[in-house]
Amino acid sequence: YCNICKLWKSLDTDSFHCEKCNLCWLGKKNEFIHCDNCNTCLKKTAFDSHTCIKDSIKNICPICNENMFGNTHPVIPLKCGHYLHLDCYNEYSKYEYKCPLCKKSIYDKLDALWDQIDIEMENSQMPNEYKNWISHIICNDCEIKSFVSYHFLYHKCKTCNGYNTNIIDIIKN
């Protein structure tokens, strides 16, 4: 029983109360560290590599629009520092590879997808009237702006070689 949260806990499940979060967490206390900037507890194994966004767990889940902090649904940090409910992430990641908030890739390795797009791009010729057009793009992953040949489908980042890009402007020559 947690006298602060007024919650009963299962005897066969480890849990602890964090004074800084002011709530109970599932797991062993010695396996977690509280991040004062994120304002949440993180597993020690993920602490050094996590991307910190102040109070990001205190927002609503961008998928289901429910509160993430202080409810019983488990949450997962994305590598960009945003959080989603674990169930929402599991369903969302079946169809999308970008964070719904910042558009950064949620997976570390997308080389196989980029290779598939490379093949599609090689087999997809632009009509003559568009061959001289240039796209000014920004990469959502490396945040570098560049100029590339315009295409209807995709624009490859010259820095990280990914296709997670947005068009800033189109220069029609």
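It should be emphasised that the depicted structure is a prediction, and the values quoted were computed from it without experimental measurement.

Moving on, we come to the packing of aromatic side chains. Evaluation of the coordinates by the stated rule reveals nine aromatic pairs. Within the aromatic cluster, the residues linked to one another by ring pairs are Tyr97, Trp114, Tyr154 and Tyr163.

With that out of the way, let us pick up the nonpolar core. Generally speaking, nonpolar side chains in soluble globular proteins are found buried as a group. Of all hydrophobic cores here, the largest spans 23 residues; its most connected members are Phe16, Cys18, Cys21, Trp25, Cys41, Leu78 and Leu84. Elements represented by at least two residues in this core include exactly β1 (15-18), β2 (23-26), β3 (32-35), β4 (40-43), β6 (83-85) and α2 (86-92). The leading source of residues in this core is α2, at three residues. Beyond its immediate sequence surroundings of up to four residues, Leu78 is in contact with Leu84, Tyr89, Cys99, Pro100 and Ile106. Of all hydrophobic cores here, the second largest spans six residues; its members include Trp114, Ile117, Met121 and Tyr163.

Turning our attention to the side chain of Ser105. Position of Ser105 relative to the elements: it lies in the loop between α2 and α3 (111-122). Here Ser105 falls in the buried class, since its relative accessible area comes to 3%. One polar contact links Ser105 to Asn164, side chain to side chain, over a distance of 3.2 Å. Ignoring sequence-local partners within four residues, the contact set of Ser105 consists of Lys79, Tyr97, Lys98, Leu110, Trp114, Asp141 and Asn164.

Before going further, it helps to spend a moment on the layout of surface pockets. Of the voids in this model, the largest pocket is the one considered here, and its volume is about 870 Å³. Lining the largest pocket are 30 residues, and of these Cys24, Trp25, Leu26, Asn71 and Pro74 sit closest to its centre. For the lining of the largest pocket, the elements supplying multiple residues, two or more each, are β2, β4 and β5 (75-77). Roughly 160 Å³ of volume is contained in the second largest pocket. In this structure, the second largest pocket is lined by Lys79, Lys104, Ser105, Tyr107, Asp108, Lys109, Leu110, Asp111, Trp114, Asp141, Cys160 and Gly162. Residue classes in the lining of the second largest pocket are distributed as four nonpolar, two polar and six charged.

A separate point is unusual backbone geometry. Peptide bonds are trans in most cases, and residues, glycine excluded, mostly fall at negative phi. Phi is positive for Glu143, close to 65°, though the residue is something other than glycine. Looking at where Glu143 falls in the secondary structure, it is placed in the loop between β7 (134-139) and β8 (145-149). Glu143 gets classed as exposed once you look at its relative accessible area, which sits at 51%. In this structure, Asn161 takes a positive phi of about 65° despite not being glycine. With respect to the helices and strands, Asn161 occurs in the loop between β8 and β9 (165-171). Judged by relative accessible area, which is 44%, Asn161 ranks as partly exposed.

With that out of the way, let us pick up the environment of Ser10. Among the secondary structure elements, Ser10 is positioned in the segment before β1. Taking the C-alpha atoms as reference points, Ser10 and Asp108, separated by 98 residues in sequence, lie 36 Å from one another.

In this section: α3. In a regular helix each residue adds 1.5 Å, so twelve residues correspond to 16 Å; α3 covers 16 Å between its end C-alpha atoms and thus fits that length. For α3, every residue scored as buried is listed here: Trp114, Ile117, Asp118 and Met121. Seen along its axis, α3 keeps its buried residues to an arc of 110°; they face one direction. Pointing more than 90 degrees away from the buried face of α3 are the exposed residues Ala112, Gln116 and Ile119.

How each quantity is defined
- Residues numbered from 1 in each chain as written.
- Predicted model: local features only at pLDDT ≥ 70, side-chain atom pairs only at ≥ 80, totals over all residues.
- Heavy atoms only, no water.
- Phe/Tyr/Trp six-rings, centres within 6.5 Å; stacked < 30°, edge-to-face > 60°.
- Core = buried A, V, L, I, M, F, W, Y, C linked by side-chain atoms within 4.5 Å.
- Buried < 20%, exposed > 50% of the residue type's maximum accessible area, 1.4 Å probe, protein only.
- Helix = DSSP H or I, 4+ residues; strand = E, 2+ residues; numbered from the N terminus.
- Contact = heavy atoms within 4.5 Å.
- Polar contact = N/O pair within 3.5 Å; in protein donor to acceptor, adjacent residues only side chain to side chain.
- 1 Å grid on protein atoms, 1.4 Å probe; cavity = no way out; pocket = protein on both sides within 12 Å on 5 of 7 lines; lining within 4 Å.
- Points joined across faces, edges and corners; volume = space filled by probe spheres on them.
- Nonpolar A, V, L, I, M, F, W, Y, C, P; charged D, E, K, R; others polar.
- Expected span 1.5 Å × (residues − 1).
- Arc of directions from axis to C-beta.

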